[in-house]
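What follows is the residue order along each chain.
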Amino acid sequence: MSKVTLTNMCMIYNEETNQVLVQNRLKSWKGIAFPGGKVEDGESLIDSAIREIKEETGLTVSHLEPCGVINWFNNETGERYFVFNYRTDVYSGELLEHTDEGTVFWVNREDLPKLNLAEGMQERLPMFLDKAYSEGFAVWNNHEPGHIKWQ
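Keep in mind that this is a model prediction, so the values were computed, not measured.

1. Focus on the nonpolar core
Next, step 1: Grouped together as the largest cluster of nonpolar side chains are 24 residues, with contacts concentrated most on Val-20, Phe-34 and Met-121.
Next, step 2: Listing elements by their share of this core, those giving two or more residues are strand 1 (4-14), strand 2 (19-25), strand 3 (31-33), strand 6 (65-74), helix 2 (121-129) and strand 11 (135-140).
Next, step 3: Sort the elements by how many residues they give to this core and helix 2 lands first, with four residues.
Next, step 4: Aside from chain neighbours lying at most four places away, what touches Val-20 is Met-11, Ile-12, Tyr-13, Phe-34, Phe-105, Trp-106, Val-107, Arg-109 and Leu-112.
Next, step 5: Counting residues in each nonpolar core, the second largest holds 13 residues, with Ile-53, Leu-59, Leu-64 and Phe-84 among its members.

2. Structural notes on the environment of Lys-38
Next, step 1: The residue Lys-38 is located in strand 4 (residues 36-38) in this model.
Next, step 2: For the pair Lys-38 and Asn-141, spaced 103 residues apart in sequence, the C-alpha separation works out to 21 Å.

3. Topic: the packing of aromatic side chains
Next, step 1: Tallying each qualifying case throughout the model produces four aromatic pairs.
Next, step 2: With centroids separated by 4.9 Å and ring planes inclined at 70°, the aromatic side chains of Phe-34 and Phe-128 adopt a geometry described as edge-to-face. In this pair, Phe-34 is assigned in the loop between strand 3 and strand 4 and Phe-128 in helix 2, connecting sequence segments 94 residues apart.
Next, step 3: Judged by relative accessible area, which is 1%, Phe-34 ranks as buried.
Next, step 4: An angle of 25° between the planes, with centres 4.9 Å apart, marks the rings of Tyr-133 and Trp-150 as stacked. With Tyr-133 in the loop between helix 2 and strand 11 and Trp-150 in strand 12 (residues 149-150), this pair connects stretches of sequence that are 17 residues apart.

4. Concerning the environment of His-143
Next, step 1: In this structure, His-143 sits in the loop between strand 11 and strand 12.
Next, step 2: A residue is classified by how much of its surface remains accessible, and His-143, at 66% relative accessible area, is exposed.
Next, step 3: Sequence separation between His-143 and Glu-52 is 91 residues, and the spatial gap between their C-alpha atoms is 31 Å.
Next, step 4: Among the polar contacts listed, one links the side chain of His-143 to the side chain of Glu-76, at a separation of 3.4 Å.

Rules used throughout
Residues numbered from 1 in each chain as written. Predicted model: local features only at pLDDT ≥ 70, side-chain atom pairs only at ≥ 80, totals over all residues. Heavy atoms only, no water. Core = buried A, V, L, I, M, F, W, Y, C linked by side-chain atoms within 4.5 Å. Buried < 20%, exposed > 50% of the residue type's maximum accessible area, 1.4 Å probe, protein only. Helix = DSSP H or I, 4+ residues; strand = E, 2+ residues; numbered from the N terminus. Contact = heavy atoms within 4.5 Å. Phe/Tyr/Trp six-rings, centres within 6.5 Å; stacked < 30°, edge-to-face > 60°. Polar contact = N/O pair within 3.5 Å; in protein donor to acceptor, adjacent residues only side chain to side chain.

By themselves, these observations are geometric and do not establish any function.
Put into structure tokens, the structure is as follows:
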């Protein structure tokens, strides 16, 4: 049986200020990205995103809108890696400035491309910001990193 890893990422935005919440990730996938993480066994996709956001930002989110999925397939091992992407403007709580994952802070949407984004985050922005894609798919292995085909 092939290994399947399920993860999530969520863009939290404030329509009034035209800002989005980002995280400067220090552990895996270093650089600026939206908060998120792994889906635990027995956990729904939405519940996992809500939990991860709470852990990484201190905020409680709701009304998550799906904005696409990224599907990675390893053609040597058969492993699959999915990233379920969401966005929301419904949140409450006190923002944590720093967690084990890194610092979180608000930035203007138009400034996102100028930041030190995590590898591949730049090409994901249209999925979150413009609803331009519903899926990204890539084949990868230990010899080739794979390139996402957007649909």
